[in-house]
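A structural walkthrough
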Amino acid sequence: MSNVECVYSQPRKRGPRRTHSPRPLLPGGSPRVPGVSEHSTSPVQSQHGSLADQPDPTAAAERSLRQDLPDLHLLQSHGYTSFPDQSTEQSALPSALHASSAVTGHTPVPAPATAFDTYKRFQDRLTLELISLYQAIQGVGITEPIEVIMNRHVDAFVAHLFPLAPLVHESSVRASIILFRGLVSGLEHADSDLMTQDRFSTDTRDSSMEIVRSMALLTALCAEVGWMLPPTLCPYGIALAPVFLRTSRRCLDLCRDDDLLDPDASSIITRYFHGNCMHAGGQTRLSWILLGEAIRIAQAMRLYDEAAYVGLNEIEARLRRHVFWQLYTSDKSSAFLNNNHFTMHQFIFGESMTVNEPASAGSTLLLSSSFSESTLITGFNLCQRFYYHASEVMFHMGCASKQVMHNDSHPLKDISPMQRANLINSYVRLTTVLDDAPGCLQSFARVDNTTETSPGGNFSLLNLHVQVANLLVTNFYLRMLVTQRCAEDGLQSLLGLPEDPLLMDLRRSEIARDIVRVVQDAPFEALRINGEPLV
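The structure presented is a predicted model; accordingly, all values stated were derived computationally and were not measured. (Residues numbered from 1 in each chain as written. Predicted model: local features only at pLDDT ≥ 70, side-chain atom pairs only at ≥ 80, totals over all residues. Heavy atoms only, no water.)

1. Considering the overall build of the protein
Stated formally: A helix here means a DSSP run of H or I that spans at least four residues, while a strand means a run of E at least two residues long, and both kinds are numbered starting from the N terminus. Type-normalised accessible area, obtained with a 1.4 Å probe on protein chains alone, sets the label of each residue: buried when under 20%, exposed when over 50%, and partly exposed for intermediate values. Throughout, a residue-residue contact means that at least one pair of heavy atoms, one from each residue, lies within 4.5 Å.
Helices and strands together make up the secondary structure of the protein, namely 19 helices and 0 strands. The buried share among the 535 residues of the protein stands at 46%. In the protein, the share of contacts with a sequence separation of at least 24, taken over all contacts with a separation of at least 6, comes to 72%.

2. Some details on the packing of helix H6 (residues 146-161) against helix H7 (residues 170-184)
Where we set the bar: Fitted lines through C-alpha atoms give the axes, limited to the stretch in contact for helices. The angle between two N-to-C directions lies from 0 to 180 degrees. Just so you know how the angles are binned, under 35 degrees is roughly parallel, over 145 roughly antiparallel, 65 to 115 roughly perpendicular, and the rest oblique.
Close contact between H6 and H7 brings their axes to 10 Å; oriented N to C, the two are set at 170°. Relative to H7, the element H6 is oriented roughly antiparallel. Listed contacts from H7 to Ile146, Glu147, Met150, Asn151, Val154, Asp155 and Val158 of H6 are Glu170, Val173, Arg174, Ile177, Phe180 and Arg181.

3. As for the packing of aromatic side chains
Stated formally: For Phe, Tyr and Trp, where Trp contributes only its six-membered ring, two rings pair if their centres lie within 6.5 Å, and the inter-plane angle classes them as stacked under 30 degrees, edge-to-face over 60, or tilted in between. Definition used: whenever NZ (Lys) or CZ (Arg) falls within 6 Å of the ring centre and also within 35 degrees of the ring normal, the charge is taken to sit over that ring.
With the rule as written, the count across this model stands at 7 aromatic pairs. Plain terms: the ring middles of tryptophan 325 and tyrosine 328 are 5.4 Å apart, the flat faces sit at 65° to each other, and that makes the pair edge-to-face. Linking tryptophan 325 with tyrosine 328, this pair stays in helix H13 (residues 314-338), spanning 3 residues, or about one helical turn. For the pair tryptophan 325 and tyrosine 328, one class covers both residues: buried. Between phenylalanine 336 and tyrosine 387 the ring centres are 6.3 Å apart and the planes differ by 15°, which places this aromatic pair in the stacked class. Of this pair, phenylalanine 336 sits in helix H13 while tyrosine 387 sits in helix H15 (residues 373-405), and the two are 51 residues apart along the sequence. Each member of the pair, phenylalanine 336 together with tyrosine 387, is buried. Linked through ring pairs, Phe324, Trp325, Tyr328 and Tyr388 together constitute an aromatic cluster. If you follow arginine 321 out to its NZ or CZ, it ends over the ring of tyrosine 309, 4.4 Å from the centre. Above the face of the tyrosine 328 ring, lysine 332 is positioned so that its terminal group lies 3.7 Å from the ring centre.

4. Section: the environment of glutamate 488
Structurally, glutamate 488 is set in helix H17 (residues 458-489). When its relative accessible area of 56% is taken as the criterion, glutamate 488 is described as exposed. With 87 residues separating them along the chain, glutamate 488 and serine 401 place their C-alpha atoms 9.5 Å apart.

5. Observations regarding the nonpolar core
In plain terms, the rule: In this description, a nonpolar core means a group of buried Ala, Val, Leu, Ile, Met, Phe, Trp, Tyr and Cys residues linked to one another through side-chain atoms lying within 4.5 Å.
The biggest cluster of nonpolar side chains holds 125 residues, and the ones touching the most others in it are Phe273, Phe324 and Leu327. Residues within four places of phenylalanine 273 in sequence aside, it is in contact with Phe157, Leu167, Val168, Leu217, Ala220, Leu221 and Glu224.

6. Observations concerning the pattern of salt bridges
Side-chain pairs of opposite charge can arise whenever the charged atoms involved come near each other. Here is the rule: Salt bridges are identified by distance alone: a Lys or Arg side-chain nitrogen within 4 Å of an Asp or Glu carboxyl oxygen.
Using the criterion set out here, one finds 20 salt bridges in the structure. Between glutamate 170 and arginine 174 there is a salt bridge whose closest N-O contact spans 2.9 Å. On the criterion of helical spacing, the pair formed by glutamate 170 and arginine 174 is a turn pair, its members being 4 residues apart in helix H7. Classification of glutamate 170 by relative accessible area gives buried; the value is 6%. Judged by relative accessible area, which is 19%, arginine 174 ranks as buried. As a salt-bridge pair, arginine 213 and aspartate 259 come within 2.6 Å of each other at their nearest N and O atoms. In this pair, arginine 213 is assigned in helix H8 (residues 204-228) and aspartate 259 in helix H10 (residues 256-261), connecting sequence segments 46 residues apart.

7. Quick look at helix H16 (residues 417-431)
An α-helix turns once per 3.6 residues; consequently, residues spaced three or four apart project the same way. Cut-off, in case you're wondering: Expected helix span is given by 1.5 Å per residue-to-residue step, counting one fewer step than there are residues. An arc is given here, and it is the one of the directions from the helix axis to the C-beta atoms.
Here H16 spans 21 Å end to end across 15 residues, near enough to the 21 Å set by a 1.5 Å rise per residue. Of all the residues in H16, the buried ones are Leu423, Ser426, Tyr427 and Leu430. Take H16 and look down its axis: the buried residues cluster within an arc of 100°, on one side only. In H16, the exposed positions that point more than 90 degrees away from the buried face belong to Pro417 and Met418.

8. A word on helix H11 (residues 265-280)
Compared with an ideal rise of 1.5 Å per residue, which puts 16 residues at 22 Å, H11 spans 23 Å between its outermost C-alpha atoms and is within 8% of the ideal. For H11, the buried fraction is high: 14 of the 16 residues fall into the buried class. Glycine 282 lies just past H11 and shows a positive phi near 90°.

9. Structural notes on the confidence of the model for the protein
The cut-off we apply is this: Scored between 0 and 100, pLDDT is the confidence that the predictor attaches to each residue.
Residues at a pLDDT of 70 or more form 67% of the protein, whose mean pLDDT is 74. Under a pLDDT of 50 for its full length, residues 187-204 has, in the predicted model, 34 contacts with residues more than four places off or in other chains. Scored below 50 in pLDDT, residues 454-458 makes 2 contacts in the model with residues more than four places away or belonging to other chains.

10. Structural notes on the packing of H11 against helix H12 (residues 284-300)
Where we set the bar: Crossing handedness is read from the near helix: turned anticlockwise from the far helix by less than a right angle, it gives a left-handed crossing, and turned clockwise, a right-handed one.
At a closest axis distance of 8 Å, the pairing of H11 and H12 adopts a crossing angle of 165°. Relative to H12, the element H11 is oriented roughly antiparallel. Considering how the two elements wind past one another, H11 and H12 form a crossing that is left-handed. Judged by residue contacts, Ile268, Arg271, Tyr272, His274, Gly275, Met278 and His279 of H11 engage Thr284, Leu286, Ser287, Leu290, Leu291, Glu293, Ala294, Ile297 and Ala298 from H12.

11. Focus: unusual backbone geometry
You will see that arginine 302, though not glycine, has its phi angle at about 55°, which is positive. The exposure class of arginine 302 is partly exposed, given its relative accessible area of 33%.

12. Comments concerning the environment of serine 333
Its place among the elements puts serine 333 in helix H13. For serine 333, a relative accessible area of 18% translates into the label buried. Along the sequence, serine 333 and leucine 478 sit 145 residues apart, while their C-alpha atoms lie 9.8 Å from each other. Contacts of serine 333, omitting those with residues within four sequence positions, involve Asn338 and Tyr387.

Below, the structure written as structure tokens:
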């Protein structure tokens with residue numbers, strides 16, 4: 001018995017027989033180990049199982065990007081003969097997308113892309129966005145060349161919106177239109193002379209950033225014009241404004257992180273335009289968030305400090321100064337109209353606000369005009385003074401009202417002489433802003449007699465009418481706001497206002513009558529261009 005071999009017979013399992021496929025081989029001939037990348041130097045098992053069972057995020061991103069590719073045959077029929085080839089991955093898609101398609105798990109980071117690769121990736125992605133813009137405009141049914149449409153939007157901004165927001169350098173914006181044509185046509189530099197201008201750096205990385213920023217600003221400006229101007233002044237506005245806005249935000253997304261880390265004036269101006277467009281489109285909450293982002297960038301750049309402008313290019317310094325005061329006014333306007341908190345104040349900055357007003361003399365932002373640009377900058381500064389002094393009045397009234405609340409028997413007795421003086425001085429400055437203003441900015445009747453315009457300059461007169469309407473309505477609106485706040489806090493006697501409720505109502509009705517008179521005297525187009533602030 002000891003010589004008999006013991007045999008164990010395993011019962012057969014029911015069901016179909018499993019077939020085992022051979023393991024896939026790596027390029028070197030060795031079998032692939034599940035969960036280990038072919039580029040990995042050590043067999044590290046994935047924490048989430050085999051990588052073959054997971055969806056490829058790169059393939060999904062590629063499919064999403066290809067779904068948005070425009071019909072390039074349409075562009076060929078309009079003279080655009082060279083652009084990224086959709087059939088070639090390396091030209092239509094960023095090279096980094098394919099370089100990372102096989103890199104998953106805990107694999108070593110691939111070698112960083114060269115400066116030229118970064119530039120090419122920017123250019124490819126940007127070109128696709130701009131071509132999509134071109135196709136979207138053609139889809140609306142507009143047959144005019146897109147360069148003509150963009151130039152008309154720039155003309156409309158200079159003619160109607162520049163007095164309210166002098167935030168663009170006309171020469172640079174029109175150069176961006178030439179660059180746009182070159183990018184859509186697939187040319188690498190569009191114009192040999194363009195890249196030598198001061199707005200574009202010769203460094204590859206800086207050049208790619210400047211190009212993306214210029215396209216984001218150009219399309220944001222076109223969106224601003226479309227949303228803000230009535231159809232009589234911008235026929236294509238309502239149809240093209242959402243298209244331009246979408247393209248501008250997508251262009252900004254291409255370099256958002258780098259743009260936040262190394263911002264310039266266009267970084268803030270583009271976001272300011274985005275916020276205005278969102279507000280005009282009814283998305284007030286999103287508009288406030290976008291405005292807040294622009295304000296944070298301005299604070300990070302220390303634009304409230306005059307020392308931050310030393311050593312800058314003259315045009316760049318001018319634009320930064322203009323956009324800071326524009327944000328300052330927008331912040332105060334939002335606080336007064338929508339009951340938001342101030343986010344731009346020297347107490348929030350933690351130090352004194354030393355930035356100067358924009359100079360009415362010096363380098364100009366417009367190429368040519370039939371009016372004096374210095375007069376428009378003077379009007380721009382007057383508007384900032386209104387909101388600056390109004391915010392100071394509100395601040396000192398808030399400090400005084402806290403003292404009044406603590407003493408009901410003698411409410412004004414606890415207010416110190418310093419508090420009284422600060423409140424009264426701020427109120428006097430607010431009510432006398434226009435006293436030293438040029439005559440053409442004080443009333444509509446004096447606009448027609450001004451020597452600042454040349455014969456036949458219809459746009460010049462409308463520019464001044466727009467600015468006068470803005471200044472006069474702002475003046476009476478802020479005075480009404482202060483009067484109402486005084487009545488609520490019981491501080492009428494400090495500012496020489498009557499304490500009797502009936503007399504206070506009479507005072508408010510006088511201010512309202514002045515506002516109605518301004519609205520009646522102003523040209524209707526000037527009121528429409530000013531938009532919601534005059535509602």
